[in-house]
Amino acid sequence: MITLVLRPHGLQFFSMDAAQAPVALTGIVPMSASALVQSALRQSPPTAAGIEAAIEQVEEAVMPLHAQVQGAGAELRVDGAQPLLPWLPSHANLDVLEALFHRAVAVASGRPVAADPALADAETVALLVILREVAHHLHFGAVDVDQAGTAGLASILSSTFR
């Protein structure tokens, strides 16, 4: 299984070797929810144009990773997102991610915020865009959000990979 570790300053992909030790598949990719909020999703709720700009930025960061990270329909474990996405099911296939994304776009396009208050938060939308684009462009069939949050691989790696 491949794990995507979301960090404040970027994202990084890992797999596990036979001894269950983490092996970095990529360096730290300078793409984070906070960077998307600062560059594209400055309004709350984000605008449709802001979401489109965020998608473009994530695509530019993710597309070069094809050779290193190939999901082939497998599940992607995501570590570091749970504290910001408590409403995301721990296991979400692409249909669930796409439905959430369309709800975020509806809020950005004028749907009352009361209908989906979490999707009016710019950082939440940024994480959703990252997960959707990574799953789509690197061909993962589902995402599994680590319920342990900061107790998962991200905390183990914090002293190993910086």
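Structure's up top.
Keep in mind that what you see is a predicted model, and the values were worked out from it rather than measured.

Scoring rules and cut-offs
Residues numbered from 1 in each chain as written. Predicted model: local features only at pLDDT ≥ 70, side-chain atom pairs only at ≥ 80, totals over all residues. Heavy atoms only, no water. Helix = DSSP H or I, 4+ residues; strand = E, 2+ residues; numbered from the N terminus. Buried < 20%, exposed > 50% of the residue type's maximum accessible area, 1.4 Å probe, protein only. Contact = heavy atoms within 4.5 Å. Pairing = 2+ DSSP bridges. Axes fitted to C-alpha atoms, helices over the stretch in contact; angles between N-to-C directions. Expected span 1.5 Å × (residues − 1). Arc of directions from axis to C-beta. Polar contact = N/O pair within 3.5 Å; in protein donor to acceptor, adjacent residues only side chain to side chain. Salt bridge = Lys/Arg side-chain N within 4 Å of Asp/Glu carboxyl O. Parallel < 35°, antiparallel > 145°, perpendicular 65-115°, else oblique. Nonpolar A, V, L, I, M, F, W, Y, C, P; charged D, E, K, R; others polar. Core = buried A, V, L, I, M, F, W, Y, C linked by side-chain atoms within 4.5 Å.

Engineer: Looking at this model, I keep getting lost on the overall build of the protein. Mind explaining?
Structural biologist: Scanning the protein for helices and strands turns up 5 helices and 6 strands. In the protein, the succession of helices and strands from N to C terminus is β-β-β-α-α-β-β-α-α-β-α. Out of the 162 residues in the protein, the part that is buried amounts to 46%. For the protein, the share of sequence-separated contacts (at least 6 apart) that also reach a separation of at least 24 residues comes to 71%.

Engineer: When you look at the sheet that holds strand β6 (residues 142-145) in this model, what are you seeing that I'm missing?
Structural biologist: As a general point, the strands of a sheet are linked pairwise by backbone hydrogen bonds and lie either parallel or antiparallel. Read across the open sheet, the 6 strands follow the order β3-β2-β1-β4-β6-β5; overall the sheet is mixed. Only two strands of the sheet have a single partner each, and these edge strands are β3 (22-24) and β5 (91-93). Shown here is a sheet whose adjacent strand axes are inclined to one another by a mean of 30 degrees, direction ignored. Those strands touched by helix α3 (residues 94-108) are β5 and β6, and its axis lies near 85 degrees from that of β5. Lying over the sheet, helix α4 (residues 122-137) contacts β1 (2-7), β2 (10-16), β4 (75-79) and β6, oriented at roughly 155 degrees with respect to β1.

Engineer: Sorry if this is basic, but what is going on with α3 here?
Structural biologist: One turn of the α-helix equals 3.6 residues, which is why residues spaced by three or four share an orientation. Between its first and last C-alpha atoms α3 spans 21 Å; for 15 residues at 1.5 Å apiece the expected length is 21 Å, and the two agree. When α3 is considered as a whole, its buried residues turn out to be L97, L100, F101, A104, V107 and A108. Buried residues of α3, viewed axially, fall in a sector of 115 degrees; they line one side. Taken together, the buried residues of α3 touch α2 (48-62), β5, α4 and β6. N-cap assignment for α3: the residue whose side-chain oxygen lies 2.9 Å from the backbone N of D95 is N93.

Engineer: What is the right way to look at the pattern of salt bridges in this model?
Structural biologist: Two side chains with opposite charge may pair up if their charged atoms get near one another. Summed over all chains, the structure comprises 4 salt bridges. A salt bridge links D116 to R103; the nearest nitrogen and oxygen atoms lie 2.5 Å apart. Residue D116 is found in the loop between α3 and α4, and its partner R103 is found in helix α3; the two are separated by 13 residues along the sequence. When its relative accessible area of 7% is taken as the criterion, D116 is described as buried.

Engineer: Can you help me understand the side chain of S32 in this one?
Structural biologist: By the secondary structure assignment, S32 is in the loop between β3 and α1 (33-39). Here S32 falls in the buried class, since its relative accessible area comes to 7%. At 3.3 Å, the side chain of S32 and the backbone oxygen of P8 are in polar contact. Of the polar contacts made by the side chain of S32, one reaches the side chain of S34; its length is 3.2 Å. Contact partners of S32, with chain neighbours within four places excluded, come to R7, P8, H9, G10 and I130.

Engineer: I would appreciate a short explanation of the packing of α2 against α3 in the present structure.
Structural biologist: When two helices pack together, you describe them by how their axes are tilted relative to each other and by the distance separating the axes. Relative to each other, α2 and α3 sit at 140 degrees, their axes nearing to 8 Å. With respect to α3, the axis of α2 lies oblique. The residues of α3 that touch α2, namely those facing A48, I51 and I55, are F101, A104, V105 and A108. Taken together, the residues of the contact of α2 with α3 sort by class into 7 nonpolar, no polar and no charged.

Engineer: Hey, could you run me through the nonpolar core in this one?
Structural biologist: Among soluble globular proteins, nonpolar side chains are generally buried collectively. Of all hydrophobic cores here, the largest spans 46 residues; its most connected members are F13, L41 and L76. Taken together, the elements giving at least two residues each to this core come down to β1, β2, α1, α2, β4, α3, α4 and β6. Ranked by the residues each element gives to this core, the list is headed by α4, at 10 residues. If sequence neighbours within four positions are ignored, F13 has contacts with I2, T3, L4, V23, A24, L25, T26, L65, V69, L76, V134 and L138.

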